[in-house]
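# Chain and residue survey
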Amino acid sequence: MSGLKRTISTRTTRLTARASPYNAGVTLFESEPATSPRQSKRAKVETKVEDLIEENSKDKSPADAPVPSGSTPKRKGSANKSPRKPKPIPQSLAVPHPAPERWKETYDTIKQMRSRITAPVDTMGCDQAQFKETDPKNRRFATLISLMLSSQTKDEVTDAAISKLRAALGGSLSVDNLIAADDATISEAIGKVGFWRRKTEYIKKAAQRLRDEFGSDVPKTVDELCSLPGVGPKMAFLALQVAWNLNVGIGVDVHVHRITNRLGWHKPPTKNPEETRLNLQSWLPTELHPDINHMLVGFGQVICVPVGPRCDLCELNTKGLCPSAQKASKSKTRKAVVLTSEASVPAGGSLPKVEVEIEAEEDNTGLYIIAGPSTPEVKNEETW
């Protein structure tokens, strides 16, 4: 009940005596409030509040004037405030990461292995989407859309979704065709990719932005690409490399992030692909930036897979170049093993191959080729 208490102010009064008009023997006393020399606290507070209101009203601009009843108040400064610009994508470290020991030997060994591997990225990667378009703008746009759909999705699924989307749009993957299509048509075409509902919204909004702000073409800078909905640094760097042949950075996905950490190239280990990218860009020669993504992605799809890496097939293991190498273990979940060897090259002839297939117990995984120059090697059959 403390909130209901009243403050009783003390007042000084003066009493005046006079005789009662009805009874001469009775004296009446009347009180007269005297003016106190001190002002009460309440009066002081009220005065201060009035002064503050008066001062504020003098400083107010017309925009801050009270809003008439029935109208919607406007936020201060909302009329002229421009949209917040996204932060620029960092391109370098303040202190460069030191180059790992024997990195060049490791790089060359992986490159040699990759030359004998046919991985999904080689035939169904995002760079393949452009080849079914004839118009240069459509080629660049198809590359961007393929990259946007590839997030959290296998290459074979992305490739099928791009083909289905192209057919749904009338045979050409263009900005105008995508904008004209309704969401249900787009969703039906890309329904097998990861997060297809969100990506339907992203690619539709991105196409509208490209039409309104970039002349229906793919932008030429990382920051502009990353301003599009659903586009991150990895997609931006790869889009510039494939669409515009611009080498401005490394596209780092989960494969590049995983493999370079397994190789011990980051001290301390990086926590996300962006940290990995900045580390690599600080010491890897610029001329190798465009190739390292494609090389390591295929290597990660076939040999250095996320679970159960094929260290038994990896030359980094035999050369002592991988600190994360594991001992080979038998698995019953592998579909088939294909041994591929190449005979000696006849004069002016091609390289005949001899393949021997050995079936395993289960058949729930894929099959990929590793062709050795002289020694038989094994196809990988893991999924990722």
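Residues numbered from 1 in each chain as written. Predicted model: local features only at pLDDT ≥ 70, side-chain atom pairs only at ≥ 80, totals over all residues. Heavy atoms only, no water.

### With respect to the nonpolar core
The condition is simple: Remark: nonpolar core denotes a set of buried residues (Ala, Val, Leu, Ile, Met, Phe, Trp, Tyr, Cys) joined through side-chain atoms within 4.5 Å. The cut-offs for exposure are 20% and 50% of the maximum accessible area for each residue type, with area from a 1.4 Å probe on protein chains only; residues under the lower value are buried, those over the upper are exposed, and the others partly exposed. Numbering of helices and strands runs from the N terminus, with a helix taken as a DSSP run of H or I at least four residues long and a strand as a DSSP run of E at least two residues long.
In terms of nonpolar packing, the biggest core is built from 41 residues, with I145, L165, L178, I190, I203 and L225 touching the most fellow members. Taken together, the elements giving at least two residues each to this core come down to α4 (136-150), α5 (155-168), α6 (175-180), α7 (183-189), α8 (196-213), α9 (222-226) and α10 (233-243). If you look at the next biggest cluster of nonpolar residues, it comprises 30 residues, including L280, I292, F299 and L313.

### Structural notes on the environment of N247
Just so we agree on the cut-off: Contact between two residues is taken to exist if any of their heavy atoms lie within 4.5 Å; hydrogens are not considered. In protein, a polar contact requires one atom able to donate a hydrogen and another able to accept it; more generally it is a pair of N or O atoms within 3.5 Å, and residues adjacent in sequence count only if both atoms are side-chain atoms.
Checked against the element boundaries, N247 lands in the loop between α10 and α11 (254-262). A relative accessible area of 33% places N247 in the partly exposed class. For the pair N247 and H289, spaced 42 residues apart in sequence, the C-alpha separation works out to 7.2 Å. With sequence-adjacent residues up to four places away left out, N247 is seen in contact with Q241, T286, H289 and P290. Here T286 takes part through its backbone oxygen, which lies 3.0 Å from a polar atom of the side chain of N247.

### Examining the packing of aromatic side chains
Rule in force here: Between rings of Phe, Tyr and Trp, where Trp is taken as its six-membered ring, a pair exists when centres lie within 6.5 Å; planes separated by under 30 degrees are stacked, by over 60 edge-to-face, and by other angles tilted.
As enumerated under the stated definition, the model contains three aromatic pairs in all. With 5.3 Å between their ring centres and 65° between their planes, W103 and W283 make a pair best called edge-to-face. Taken together, the positions of W103 in helix α2 (residues 103-114) and W283 in helix α12 (residues 273-283) put the pair 180 residues apart, joining distant regions of the chain. According to the relative accessible area criterion, W103 is buried, its value standing at 15%. Given the relative accessible area of 11%, W283 is considered buried. Aromatic pair W265 and W283: ring centres 5.4 Å apart, planes at 85°, arrangement edge-to-face. In this pair, W265 sits in the loop between α11 and α12 while W283 sits in helix α12, placing the two residues 18 residues apart along the sequence.

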